[in-house]
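Coordinates in review
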Amino acid sequence: MRPFDKDLPDRYLDGELDPEEKTVFEERLLSEDHLRNYVEEVQALHASAASMEVFKAPGINLSRRVGLPWREMISGRVGPFLSGAALTACILIGIGLGRNVLDPKTVLTRTEPLKIVYYAPGARSVSVLGDFNGWSGEIPLKPRGEGGYWLAEIPVKPGEYRYILKIDGKERVGDPLADYVIDDDFGSKNSVVRIGL
Amino acid sequence: MDDMLFRSEYEKISDHLYTFLVRTVGDRDRAADILQETAFKAYRSRRRFKGESSFKTWIYRIAINTMKNHWLRLKRERNWIEAMPDEESLSSPSPEKIVTGKENASQLSRALMLLEEGYRVPFMLKHVDGLSYKEIGEVLGIAENASRVRVYRARHTLRNILREDPT
């Protein structure tokens, strides 16, 4: 191969040759085994790269830099509590929806209204039940756009609040975006957020 | 960039970004930590994202920087010597570093893990994540042509690795 065109095979592989260069190069491919071998082997390499397995990303929490809660909530305390599509949806998107990101040192001092955003594509309804109104009734989350997001904004005074989410009126799920999760008195788990503390 | 748009864009690339991190650091837990920190930083900075590059390029660049910091932290804390290589060490591929690596599932995965970071990352960005050379340059903070050279060298080295280890 001539020194000045050492990058020619790679430029060919990248589709960066102009038509004239490409024609000349493809003629060379017919007669130069080393070129043809290189091109074929790298093309196979590219095909392998393109077909490599894509791993499912774990859920993340946008209100924390690092730390146990996001992983523990997904795999441990909340994980078993979630189920089916809701679990999948939460893991896919569990990224602290609807909440402002604060400095990690002040992550527990939110003062905005309690925002609950849940990702549940395909759900017919999503509601929240909690001690912010004495567990006295379900507050429906409203669909937000077409992407499967559900949103509720609940004005609350500063304090710590426990709640659960209900999907389609029955399936009780934890909120992977809560500050933490605790056991309730009935063998189930409550999501807990702290507002303005 | 507003909140919902960020989440929507993140959702589109999160699996590929996580896969990229797993294949780069070779450890799912560490990759998950880096992903978490990357997303946190990106979300916190989302209002500064003006669309001058693609969202994908922008967040991959944050991920690369986060990954470098993790490497530096590990190096500092554990005297870990396998930090990101500097420019000097990237001057030529090192096939002699090809030793073992039977733990990875696929031939290419195995070969990739034997490749130096400075070549593995550009190769994956190009051929797994589909970034252009210009975008790779933006992600890595290097010239477009430098990213091109690294991908070329990665191809050559991978080809040599696979020839020597055709199993």
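To be clear, the structure that these remarks concern was listed above.
Here's a quick rundown of the structure. (Residues numbered from 1 in each chain as written. Chains lettered and ligands numbered in written order. Predicted model: local features only at pLDDT ≥ 70, side-chain atom pairs only at ≥ 80, totals over all residues. Heavy atoms only, no water.)

1. Some remarks on the overall build of chain A
When its secondary structure is counted, chain A shows five helices and eight strands. The order of α-helices and β-strands along chain A, N terminus first, is α-α-α-α-α-β-β-β-β-β-β-β-β. Buried residues in chain A amount to 48% of all 197 residues. For chain A, long-range pairs separated by at least 24 residues make up 64% of all intrachain contacts whose partners lie at least 6 apart in sequence. Within the structure as shown, chain A displays about 9900 Å² of accessible surface, and the carbon and sulfur contribution to it stands at 54%. (Helix = DSSP H or I, 4+ residues; strand = E, 2+ residues; numbered from the N terminus. Buried < 20%, exposed > 50% of the residue type's maximum accessible area, 1.4 Å probe, protein only. Contact = heavy atoms within 4.5 Å. Areas by Shrake-Rupley, 256 points an atom, 1.4 Å probe, with all protein chains shown as cover.)

2. Digging into the packing of aromatic side chains
Under the definition given, this model contains 10 aromatic pairs over all chains. Their ring planes at 40° and their centres at 4.7 Å tell us that Tyr12 of chain A and Phe25 of chain A sit as a pair that is tilted. Of this pair, Tyr12 of chain A sits in helix 1 (residues 8-13) while Phe25 of chain A sits in helix 2 (residues 19-31); the two residues are 13 residues apart in sequence, bridging distant segments of the chain. Considered together, Tyr12 of chain A and Phe25 of chain A belong to a single accessibility category, that of buried residues. Here Phe6 of chain B and Tyr10 of chain B contribute two aromatic rings whose centre-to-centre distance is 6.4 Å and whose plane-to-plane angle is 5°, an arrangement assigned as stacked. (Phe/Tyr/Trp six-rings, centres within 6.5 Å; stacked < 30°, edge-to-face > 60°.)

3. Quick look at helix 5 (residues 117-127) of chain B
When you tally the buried positions in helix 5 of chain B, you get 11 out of 11 residues, the bulk of the element. All of the buried residues along helix 5 of chain B are Glu117, Gly118, Tyr119, Arg120, Val121, Pro122, Phe123, Met124, Leu125, Lys126 and His127 of chain B.

4. So, the side chain of Ser127 of chain A
All names here are of chain A. Its location among the elements puts Ser127 in strand 2 (residues 126-130). A polar side-chain atom of Ser127 sits 2.9 Å from a polar atom in the side chain of Glu138. Sequence-distant contacts of Ser127, defined by excluding residues within four places in its chain, comprise Glu138, Ile139, Pro140, Leu141, Ile164, Leu165 and Lys166. (Polar contact = N/O pair within 3.5 Å; in protein donor to acceptor, adjacent residues only side chain to side chain.)

5. Observations regarding the packing of helix 4 (residues 107-114) of chain B against helix 7 (residues 144-164) of chain B
All names here are of chain B. Viewed as axis vectors pointing N to C, helix 4 and helix 7 meet at an angle of 120°, and their least axial separation amounts to 10 Å. On the basis of the axis angle, helix 4 is oblique to helix 7. Crossing hand, helix 4 versus helix 7: right-handed. When helix 4 is examined against helix 7, the residues Gln107, Leu108, Ala111, Leu112 and Leu114 are found in contact with a partner set consisting of Leu158, Ile161 and Leu162. (Axes fitted to C-alpha atoms, helices over the stretch in contact; angles between N-to-C directions. Parallel < 35°, antiparallel > 145°, perpendicular 65-115°, else oblique. Left-handed = near helix turned anticlockwise from the far one by under 90°.)

6. Examining unusual backbone geometry
Residues and elements named next belong to chain A. Of note, Trp135 is a non-glycine position whose phi angle comes to about 55°, a positive value. For Trp135, the position within the fold is in the loop between strand 2 and strand 3 (139-144). Of note, the phi angle at Asp168 is positive, near 55°, even though the residue is not glycine. Inspection of the secondary structure puts Asp168 in the loop between strand 5 (159-167) and strand 6 (171-173).

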